[in-house]
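Geometric and topological summary
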Amino acid sequence: MRHLPNYVVLVIVALVVAFPLLLALSYSLMSESEIATFPPPVLPQAPSLDNYATVFSTIPIGRYLLNSFVVAGAVVAGQIVTASLAAYAFSFLTYPGRTLLFFAFLSTLMIPWEATIIPNYITIRSIGWLDTYQGLAVPFMATAFGTFLLRQGFLQIPKELHDAARIDGASSFRFFRSIVVPLSRPALATVAIYAFLSTYNQYFWPLLITNQPLMRTTQVGIAQLRFEETLRWGLVMAGVVMVAAPTLALLIVGQRQLIRGLTSGAVKG
Amino acid sequence: MSHGGRPLLVGLAYLAPSLILFAAFVFIPLGRTFYLSFFNTRSTGAPTSFAGLDNYLELLTSEAFRTGIVATVLFTLYTVPLGIALGLVLAVLLDAPLRAIGVFRTIMSSTIAVSAAVGSLIWLLLFNPSLGLLNHMLSLVGIAGPQWLIQPQTAILAVSVTTIWLTLGTNVIVLLAGLQGVPQEIYEAARLDGARGLRMFTRITVPMVSPSLFFLLVVDTIAVLQAFTQIHVMTRGGPVDTTRVLVYSIYLDAFQNFQFGFASAQAVILFVIVLALTVIQFRVVERRVHYQ
Amino acid sequence: MVVLVAAACGGGGPVGAGPSDLSAQAPGKDVKPAAKITWWHAMSGVNNDAVNRIVDGFNKSQTNIKVEAIFQGNYDDLLAKLNTAIASNSAPALVQVYDIGQAYMRDGGQIVPMQAFIDRDKFDTKDFEPAVLNYYKFQDKLQSMPFNSSSAILYYNKDAFKEAGLDPEKPPATFTEVADAAKKLTKKDAGGQVSRYGFGPSIYGWLFEQLLATSGAPYADKGNGRDDRATKVLWNSDAAKKILSWWKAGVDGGYFYNPGIDNDGAANAFNAQKTAMYIESTARLRGHINTVAGKFQIGTGLYPRPDDKPKDGGNIIGGASLYIMKSRPADEQQAAWEFVKYVLSPAVQAQWQSDTGYYPIVKAAYNEGPSKEWASKYPQFLTAVNEIRDSPQNRATNGAVLGVMPQARQRTQKMIEVVLLGQATVDAAADAAVNDINAQIDKYNKANP
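Residues numbered from 1 in each chain as written. Chains lettered and ligands numbered in written order. Predicted model: local features only at pLDDT ≥ 70, side-chain atom pairs only at ≥ 80, totals over all residues. Heavy atoms only, no water.

Turning our attention to the pattern of salt bridges. Residue and element names in this part refer to chain C. Applying the stated criterion across every chain, the model contains 27 salt bridges over all chains. Between Lys36 and Glu68 there is a salt bridge, with its nearest N and O atoms 3.0 Å apart. With Lys36 in strand 1 (residues 36-41) and Glu68 in strand 2 (residues 66-71), this residue pair connects regions lying 32 residues apart in the sequence. Overall, Lys36 belongs to the partly exposed group, its relative accessible area being 45%. Among the salt bridges present, the one from Lys248 reaches Asp252, with a minimum N-O distance of 3.1 Å. (Salt bridge = Lys/Arg side-chain N within 4 Å of Asp/Glu carboxyl O. Helix = DSSP H or I, 4+ residues; strand = E, 2+ residues; numbered from the N terminus. Buried < 20%, exposed > 50% of the residue type's maximum accessible area, 1.4 Å probe, protein only.)

The next thing to look at is the interface of chain C and chain B. The interface of chain C with chain B comprises 35 residues on the first partner and 29 residues on the second. Taken over both partners, the interface formed by chain C and chain B buries close to 2,600 Å², and the fraction arising from carbon and sulfur atoms is 51%. Looking only at chain C, the three residues that lose the most surface to chain B are C:Asn83, C:Gln410 and C:Lys443, adding up to 18% of its buried area. Where chain C meets chain B, there are 3 salt bridges. (Contact = heavy atoms within 4.5 Å. Buried area = accessible area lost by both parts, 1.4 Å probe.)

Attention shifts here to the packing of helix 5 (residues 98-110) of chain A against helix 13 (residues 260-285) of chain B. Across the interface, helix 5 of chain A lies against helix 13 of chain B with an axial gap of 9 Å and an inter-helix angle of 130°. Considering the angle they form, helix 5 of chain A stands oblique to helix 13 of chain B. Relative to helix 13 of chain B, helix 5 of chain A is oriented so that their crossing is right-handed. In this structure, helix 5 of chain A uses A:Phe102, A:Phe103, A:Leu106, A:Ser107 and A:Met110 to contact helix 13 of chain B, whose residues at the interface are B:Phe271, B:Val274, B:Leu275, B:Thr278, B:Val279 and B:Phe282. Looking at the contact of helix 5 of chain A with helix 13 of chain B, its residues break down into 9 nonpolar, 2 polar and no charged. (Axes fitted to C-alpha atoms, helices over the stretch in contact; angles between N-to-C directions. Parallel < 35°, antiparallel > 145°, perpendicular 65-115°, else oblique. Left-handed = near helix turned anticlockwise from the far one by under 90°. Nonpolar A, V, L, I, M, F, W, Y, C, P; charged D, E, K, R; others polar.)

Between helix 6 (residues 113-126) of chain A and helix 12 (residues 246-256) of chain B, the least distance of the axes is 9 Å, while the angle of their chain directions is 35°. Counted together, A:Trp113, A:Glu114, A:Ile117 and A:Ile118 of helix 6 of chain A and B:Val247, B:Ile250, B:Tyr251 and B:Phe255 of helix 12 of chain B form the full contact between these two elements. A per-class count over the contact of helix 6 of chain A with helix 12 of chain B returns 7 nonpolar, no polar and 1 charged.

One widely used convention gives an interface's size as the accessible area the parts lose upon coming together. Residue and element names in this part refer to chain C. Partitioning chain C into domains gives domain 1 (7-150 + 318-392) and domain 2 (151-315 + 397-447). Inter-centroid distance (C-alpha atoms) of domain 1 to domain 2 is 28 Å. Of the residues lining the interface, 33 residues belong to domain 1; the matching set on domain 2 comes to 36 residues. With both sides pooled, the region where domain 1 packs onto domain 2 buries about 2,700 Å², and carbon together with sulfur makes up 52% of that total. Considering only the side of domain 1, the residues that lose the most area to domain 2 are Ile100, Gln380 and Glu387, jointly responsible for 24% of the buried surface there. Linking domain 1 to domain 2 there are 2 salt bridges. (Domains from an automatic or database assignment.)

A few words on the interface of chain A and chain B. Between chain A and chain B, the residue contacts involve 92 residues of the former and 86 residues of the latter. With both chains or domains summed, chain A and chain B bury close to 8,000 Å², and 79% of this area falls on carbon and sulfur atoms. The largest contributions to the chain A side of the interface with chain B come from A:Leu10, A:Val17 and A:Met110, which together make up 8% of the buried area. Applying the counting criterion to the chain A and chain B interface returns 1 salt bridge. For the salt bridge of A:Arg151 with B:Glu286, the shortest nitrogen-to-oxygen distance reads 3.4 Å. Taken together, the connections running from chain A to chain B amount to 13 residue pairs in polar contact (both at pLDDT 80 or more). Here the element with the most residues in the side of chain A that touches chain B is helix 1 (residues 4-28) of chain A; it accounts for 15 residues. (Polar contact = N/O pair within 3.5 Å; in protein donor to acceptor, adjacent residues only side chain to side chain.)

This next bit is on the packing of aromatic side chains. Summed over the entire model, instances satisfying the criterion amount to 71 aromatic pairs over all chains. Centre to centre, the rings of B:Phe34 and B:Phe38 are 5.2 Å apart; their planes meet at 85°, and the pair counts as edge-to-face. Residue class for B:Phe34 comes out partly exposed when judged on its relative accessible area of 43%. In this structure an aromatic cluster arises from ring pairing among A:Phe90, A:Phe102, A:Phe103, A:Phe105, A:Phe145, A:Phe148, A:Tyr194, B:Phe22, B:Phe27, B:Phe214, B:Phe215 and B:Phe282. A cation sits over an aromatic face here: A:Arg151 above A:Phe102, 4.4 Å from the ring centre. (Phe/Tyr/Trp six-rings, centres within 6.5 Å; stacked < 30°, edge-to-face > 60°. Lys NZ or Arg CZ within 6 Å of the ring centre and 35° of its normal.)

Residue and element names in this part refer to chain C. Relative to the helices and strands, Glu280 resides in strand 11 (residues 275-281). Looking at Glu280, its side chain comes within polar contact range of the side chain of Arg284, at 3.0 Å. Filtering out sequence-adjacent residues up to four positions away, Glu280 remains in contact with Ser151, Ala152, Ile153, Tyr155, Tyr204, Trp206, Leu207 and Asn263.

Here you go:
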């Protein structure tokens, strides 16, 4: 009971943060006629799933979700591998030019997307990867963000562990694989979540390199729900809910993993 | 064996997968963009004649560019510090070992699952001056809400609020992970020394999560400097160019006006700005980060 | 005698600024059409279904050619993608590009003008709506085939008119009439806040272009860019300044609502009865009727024009058209033309109109069943049709062609914003905008010789 004030604050804050999404859900259950009223509505008078039915009949949302999942999954796998290897090189290894290389990595985050998208389109086209999962995934399998995040995490691992392993005669890679990686589960989970979501939420790249409806992804799908001559808020919100729902579900599961990893005494010494 | 030779090879071996991908999909395209920035280009992007530094000179002396810098600076200042601060406050709230805290953690980090396009659409709905809920709710408590996206002074605020909301999930997750990594012994020791409440927060909590704070500072700044979708959906760079941040200006010149040479010069300049800012952050701020 | 001369002069303007017969640009008449071609378009939702209906109909009607229609995002994204595809030599055979992409398509030298096929086959365009055709001509040669055409009209709330004591069957037609009606239609609530504005146009460059057209004033020089490449824009003309002053007076006076650049917001405000009138494309008519769902009666009127109703004033067609790409081999170009001819058949045109609300290009379509049903279901639509038919055809009403049209449209929006916010006088804002875009035009002309 003495925790009641905490809960009250938590509930209020949670409502504020979740409000936009709750609104999307609410509007997805309303008709266009109901949305276009003043004062603006909050809850639907006669909630209906019509908008959801229309989404299904307007775009192949199931296929889009599948494609997005496959591509995002591939990017997650790729990023976990490349980022953990690179982060190790930036935390436990020493060699000339390390700082410079780290900045080179970070610099990839600073390049405006417009500068790379067209040359990349031309590259992907010339190796025949248009309309393929590889074309959608491979360019994003390296990540400076993930590398940076893991580097921060690896730097928190006590030097004594590294020294101990070296004394034991373990090779660099062995240390990496058996000690560093397992200890960094929360950070790795964060990289995975982030990689998944940013790939899942891409629009321009999938639009550019896919022509086949069967290869398209969720954000292109949502754009298809925005019609040139009229904006149907209910329909768009239904699409939004359908596309965000799987990722929210994933977040719920991922959250628990994160917590479990964090409370297993990872870095408490 | 040469002094730096073997370690360098080992280092490069670990970096190779990332470096190869970056070379192919980031550095080489960047090189092409850099090259194009010195040319006049046709609508299709093909260079027609050498322009030397003309594109750069035209940019640096243009009013539109100055407006763009101002918009970018304001947008960054409004969004990054507040976003991180809010993230920290929420993370502290969520650090408590209360029952069902997992539910709250999920809710408060849920914005990470929302794409910029989707989030911008919802906030566009909210900010609508007459039909948006925001102004309606404000009017219920007697405040006449501004014409958010139409007034030059408030448009950038509206885009800022949207961006803060979108990045809240990331900030909360990273800071929560950072907080959870702080050993309980440290808090106990401090409590024995008499630290409470705010003092505990500023003397212990903040330094202990400073690696995460630093990480978010760098990453959020970079992300905000590249934030395009919110502006595209909500304001298109207006009203009167007050939200025409550099990255949006590049989009307009590359994909609407088809002036690739000119857009390339802007991209190079933006890149240099972001790079300089990040170097400064590392040199100046990382010094005060407390690694365990 | 007069009829002969009129028929020979077509859209009006200097004749013979190039070869008079473009047949040579089309593939030979006996080239066998390709078995498969791709068509990129920007039609989503209901219009997407309508597009697929046309394509399925064509594919089923013969076995020689198969057309594949692919949605490529909205008009902006489609053009960006097309530009990229052109750069890497992977453009489709047929593509839908919006009205303001004309100059870009033509100046890029990437298209086979429709005129080439028309000349080669001596294709009869007598039955086509002249207004629609004229928009897509340069130096009197048809560059692309109009596909989804709309125009701008005044939408008004008949119930609100009755309430304010105005005749619901007599919508205002001139600037002053609109302002007067708007004043009467504006109402405030108990707290003094405006609960309904009389008139709520969004800051949309296209609407400004239309207002110049109804004023009979050109947007750019060189015959609005249709006789030769334009070198400057003419937004500081008296007609343009009159438009800006009228708009500003309305907003300052509190009877015009300013939704900013949010076109959907303006439409929504009308649906929610926050505004009693507004101006927009006929393409929105069906959406309005569906959303309003009988809550009030929707009326349509002529697009506002200056008080002296200049006789040169009229409306410009909007929408998008189909282009055949030169980079594809001759057999694909041939196949594309075959498909275009199918799209132009009256039955297909009538069905397209019925499915989407866009105009038919061929007058014969109005005699077909679906078109007649449409007319009886949406009588409001007739306003638009008549408005276009009654427009005199001259360079002002043909609409402007500019290589920098997308920037120009954006710049007019900024100009209007500046005026409405009171940041500059009408004169200063117009001059600034004109100078900016003239510089861009210079740059464009130099970069695209």
